[in-house]
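# Structure at a glance
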Amino acid sequence: RRNRVYKFLITREIARYLDRRTFVTVSFREAIIYIIFLVLITLITLGSTPLDMFYFSQAMETLYTKQEFEGDYGATKTFYEINTKSEVWKYQMSILHNLYHDFWYSKPDPYENPETTQENYFENKLIGMPQIRQVRVGNGTCEMQDSFKDNYKLCYGPYSSINEATDDFGSSEEWKYKSAENSSTASIEGILTNYNGGGYVALLQNIDTKSEQTILKLRNGKWIDRSTRAMFIEFTIYNGNINLFCTFKIIFEFPPCGGVIPSHWNYVQKFI
């Protein structure tokens, strides 16, 4: 019995130095094991994502990351081509109509009230209210040579839990810090780093005209400034035809060197 165990543990490289029959047997056994491994990996990879979930995810990605909008200087941009703060605001204004009620052809649907119905692609319902959240760092959170300190009155370092700002920077609710517990937000993994839950939260409304007013209020009030290190747009979509939810997170990171790094992730799941 022990010899059988030893024979099973023999690899093809070891069998090369034994008789030819053993070498052929071991090679055939390893080929069978490799084929079984490939079959299992294929089943796990393809079987874990039903087609409905895949196409739902792709539809949402197309709607929110691949549609064009007018960027700076009249240039046509898509989501992953955003590189300035002004284009971040323009992108938000452009996707508002994708979040809310669609009109059938040139007229509203006579059977639904656009002020109480939020749809996109005519089939997907917006669950709850979308929210915009940002995390900030405090002034003086960067290291600088002593000879340059007199030339820089403001200095904002990279994001970290230690550098994160929690002070209010305005009188409205959107300018007041909320903890992760109070805002019901979780940490998010970005390209540059991981960002804690909490921050400065702005809730959008249930119709696009009111949400547009909220975004204009934030933009005109300079809600995003040099202290901002990341901004997140979070919302959930439900499709009743296939009984699936899609949680969508749009991420804009603002590194200390300047510019914008856009990214996103969406998670499709059947919760019911």
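Reading guide: rules and limits
- Residues numbered from 1 in each chain as written.
- Predicted model: local features only at pLDDT ≥ 70, side-chain atom pairs only at ≥ 80, totals over all residues.
- Heavy atoms only, no water.
- UniProt positions renumbered as here; feature names shortened; annotations may be inferred.
- Pairing = 2+ DSSP bridges.
- Helix = DSSP H or I, 4+ residues; strand = E, 2+ residues; numbered from the N terminus.
- Buried < 20%, exposed > 50% of the residue type's maximum accessible area, 1.4 Å probe, protein only.
- Salt bridge = Lys/Arg side-chain N within 4 Å of Asp/Glu carboxyl O.
- Contact = heavy atoms within 4.5 Å.
- Expected span 1.5 Å × (residues − 1).
- Polar contact = N/O pair within 3.5 Å; in protein donor to acceptor, adjacent residues only side chain to side chain.
- Core = buried A, V, L, I, M, F, W, Y, C linked by side-chain atoms within 4.5 Å.
- Axes fitted to C-alpha atoms, helices over the stretch in contact; angles between N-to-C directions.
- Parallel < 35°, antiparallel > 145°, perpendicular 65-115°, else oblique.
- Nonpolar A, V, L, I, M, F, W, Y, C, P; charged D, E, K, R; others polar.
- Disulfide = S-S within 2.5 Å.

As recorded by an unreviewed UniProt entry, the protein carries the name Polycystin domain-containing protein and is attributed to Homalodisca liturata. If you open the UniProt record of the protein and go to Sequence similarities (unreviewed entry), you find "Belongs to the polycystin family."

## Some remarks on the pairing of strand E4 (residues 124–136)
The pairing of E4 with strand E9 (residues 228–239) spans ten bridges and is antiparallel. If you follow Leu 126 over to E9, its bridge partner there is Ile 237. Of the strand pairs in this sheet, E4 and strand E8 (residues 199–203) are connected by four bridges, and their pairing is antiparallel. By the bridge assignment, Gln 131 is partnered in E8 with Leu 203.

## Considering the pairing of E9
Counting buried positions over the twelve residues of E9 gives eleven, a clear majority of the element. When E9 meets strand E10 (residues 244–253), the two strands line up antiparallel, connected through ten bridges. From the neighbouring strand, Thr 236 faces E10, where its bridge partner is Thr 247. The turn joining E9 and E10, which pair antiparallel and follow one another in sequence, is formed by four residues; a positive phi near 55° is taken by Asn 243.

## Here we look at the pattern of salt bridges
One pass over the structure, following the stated rule, counts eight salt bridges. For Asp 225, the salt bridge identified is with Arg 136, shortest N-O distance 3.0 Å. Note that Asp 225 is positioned in the loop between helix H7 (208–220) and E9 and Arg 136 in strand E4, a separation of 89 residues in sequence. Glu 234 is paired through a salt bridge with Lys 249; the nearest N and O atoms lie 2.5 Å apart. A residue pair is termed long-range when its members are at least 10 positions apart, and Glu 234 in strand E9 and Lys 249 in strand E10 qualify at 15 residues. Among the charged side chains, a network of salt bridges with common partners joins Arg 133, Glu 234 and Lys 249.

## Side note on the side chain of Thr 214
Relative to the elements of secondary structure, Thr 214 occurs in helix H7. Not counting residues up to four positions away in its chain, the partners in contact with Thr 214 are Leu 203, Leu 204 and Gln 205.

## Concerning helix H5 (residues 85–99)
Its 15 residues place the ends of H5 21 Å apart at the C-alpha level, agreeing with the 21 Å of an ideal helix rising 1.5 Å per residue. Listing the buried residues of H5 in full gives Glu 87, Val 88, Trp 89, Tyr 91, Gln 92, Ile 95, Leu 96, Asn 98 and Leu 99.

## Structural notes on the side chain of Lys 77
Mapping Lys 77 onto the fold places it in strand E2 (residues 76–77). Within the structure, Lys 77 has its side chain in polar contact with the side chain of Glu 87 (distance 2.6 Å). Excluding its chain neighbours within four sequence positions, the residues that come into contact with Lys 77 are Gln 67, Glu 68, Phe 69, Gly 71, Asn 83 and Glu 87.

## Thoughts on the nonpolar core
Nonpolar side chains in soluble globular proteins tend to be buried together. Counting 38 residues, the largest nonpolar core has Tyr 64, Tyr 91, Ile 132, Trp 223, Phe 235, Ile 250 and Phe 252 as the members making the most contacts within it. A total of six residues in this core trace back to one element, the largest contributor, which is H5. Leave out the neighbours within four places in its chain, and Phe 252 touches Phe 79, Ile 82, Val 88, Tyr 91, Arg 229, Ala 230, Met 231, Ile 233, Val 260, Ile 261 and Pro 262. By size, the runner-up hydrophobic cluster in this structure holds nine residues, among which are Val 135, Tyr 195, Ala 230 and Phe 232.

## Structural notes on the environment of Ala 75
Assignment of secondary structure puts Ala 75 in the loop between strand E1 (69–70) and E2. For Ala 75, a relative accessible area of 30% gives the class partly exposed. With sequence-adjacent residues up to four places away left out, Ala 75 is seen in contact with Phe 69 and Glu 70.

## Section: the packing of H5 against H7
H7 packs onto H5 with a crossing angle of 175° between their chain directions and a minimal axis gap of 10 Å. Relative to H7, the element H5 is oriented roughly antiparallel. Seen from H5, the contacting residues are Trp 89, Gln 92, Met 93, Leu 96 and His 97; seen from H7, they are Asp 208, Ser 211, Glu 212, Ile 215, Leu 216, Leu 218 and Arg 219. Tallied by class, residues from the contact of H5 with H7 come to six nonpolar, three polar and three charged.

## Re the state of the cysteines
Applying the stated criterion to the full structure yields one disulfide. Here Cys 142 is linked by a disulfide to Cys 155, with a sulfur-sulfur distance of 1.1 Å. With Cys 142 in the loop between E4 and strand E5 (177–178) and Cys 155 in the loop between E4 and E5, this pair connects stretches of sequence that are 13 residues apart. Of the residues examined, Cys 155 reaches a relative accessible area of 11% and is grouped as buried.

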